[in-house]
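Residue-level structure breakdown
Each chain, written out:
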Amino acid sequence: AQSVAQPEDQVNVAEGNPLTVKCTYSVSGNPYLFWYVQYPNRGLQFLLKYITGDNLVKGSYGFEAEFNKSQTSFHLKKPSALVSDSALYFCAVRPPDSNYQLIWGAGTKLIIKP
Amino acid sequence: DGGITQSPKYLFRKEGQNVTLSCEQNLNHDAMYWYRQDPGQGLRLIYYSQIVNDFQKGDIAEGYSVSREKKESFPLTVTSAQKNPTAFYLCASSRGAFAGELFFGEGSRLTVL
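Cut-offs used in this document
- Residues numbered from 1 in each chain as written.
- Chains lettered and ligands numbered in written order.
- Predicted model: local features only at pLDDT ≥ 70, side-chain atom pairs only at ≥ 80, totals over all residues.
- Heavy atoms only, no water.
- Disulfide = S-S within 2.5 Å.
- Helix = DSSP H or I, 4+ residues; strand = E, 2+ residues; numbered from the N terminus.
- Buried < 20%, exposed > 50% of the residue type's maximum accessible area, 1.4 Å probe, protein only.
- Salt bridge = Lys/Arg side-chain N within 4 Å of Asp/Glu carboxyl O.
- Pairing = 2+ DSSP bridges.
- Core = buried A, V, L, I, M, F, W, Y, C linked by side-chain atoms within 4.5 Å.
- Contact = heavy atoms within 4.5 Å.

**A closer look at the state of the cysteines**
Residue and element names in this part refer to chain A. Inspection of the entire model under this criterion finds two disulfides over all chains. Covalently, Cys23 is tied to Cys91 through a disulfide, its sulfur atoms 2.0 Å apart. Its S-S torsion of about -65° marks the bond between Cys23 and Cys91 as left-handed, since a negative value means left-handed. In this pair, Cys23 sits in the loop between β3 (19–21) and β4 (24–26) while Cys91 sits in strand β10 (residues 87–94), placing the two residues 68 residues apart along the sequence. The class of Cys23 is buried, set by a relative accessible area of 0%.

**What about the pattern of salt bridges?**
All names here are of chain B. Applying the stated criterion across every chain, the model contains seven salt bridges over all chains. A salt bridge links Asp30 to Lys71, with the shortest nitrogen-to-oxygen separation between them at 3.3 Å. In this pair, Asp30 sits in the loop between β3 (19–25) and β4 (31–37) while Lys71 sits in the loop between β7 (64–66) and β8 (76–78), placing the two residues 41 residues apart along the sequence. Judged by relative accessible area, which is 31%, Asp30 ranks as partly exposed.

**Here's the deal with the pairing of strand β5 (residues 32–38) of chain A**
Residues and elements named next belong to chain A. Within β5, six of the seven residues are buried, which leaves it mostly tucked inside the rest of the structure. Pairing of β5 with β10, which is carried by seven bridges, proceeds in the antiparallel orientation. Following the sheet pairing, Gln38 is matched in β10 by Leu88. Taking the residues between adjacent antiparallel strands as the criterion, β5 and strand β6 (residues 44–50) are bridged by five residues, where Asn41 takes a positive phi near 55°.

**Structural notes on the nonpolar core**
Residue and element names in this part refer to chain A. By size, the foremost hydrophobic cluster in this structure holds 28 residues, and its most contacted members are Leu19, Trp35, Leu47, Leu48, Phe74, Leu76 and Tyr89. Mapped onto this core, the elements with two or more residues apiece are β2 (10–14), β3, β5, β6, β8 (64–68), β9 (73–78), β10 and β12 (108–113). For this core, the element with the highest residue contribution is β10, accounting for four residues. Sequence-distant contacts of Phe74, that is, excluding residues within four places in its chain, are made with Cys23, Leu33, Phe34, Trp35, Leu48, Lys49, Tyr50, Ala65, Glu66 and Phe67.

Pasting the structure below:
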């Protein structure tokens, strides 16, 4: 079965330190990969996507993600964390044979401490 | 400003009642979606619609119904047949050929009393 894993329920980082939120997937072929962020009691906001090309993708709010095909991973990164980055982060994958379906990870709660 | 409007933001329902959640978009997007979010789980697709007067079941359509009479509107009805309806419901839209960038509404939180 196709799946997306976010192995950490919660990640704690001190403000100013680099952060990484992990995502691995089990999908055949060459999927599209996405990161979304959700603030409490709000809808999700698109951060970035990988379709093809450079393995390092830059997105909104200073976030970037690194695609690693051999490890089937798409980790979200930021060089210097802000307290305002504290939120719930979701990884999602669109299988290559699907137009409208996304497979979602369970989410990782990111807490940035001052 | 363009966006997606969901209403109501909070809704309480007695068991056995049907409720309808509203979703309106002014982004001129062709595709619209309804997702359910439960704590500690990823989003699960309830229904999606690619064009007006057409919609398809997602992974958890049982106990839900939708309509798409206008491009801008995609209401979701949670029927009494839905056994566990308490959840956070999210409506989203995307440009016609789905490339993955979804635009979400602010969500509707349904609580069954």
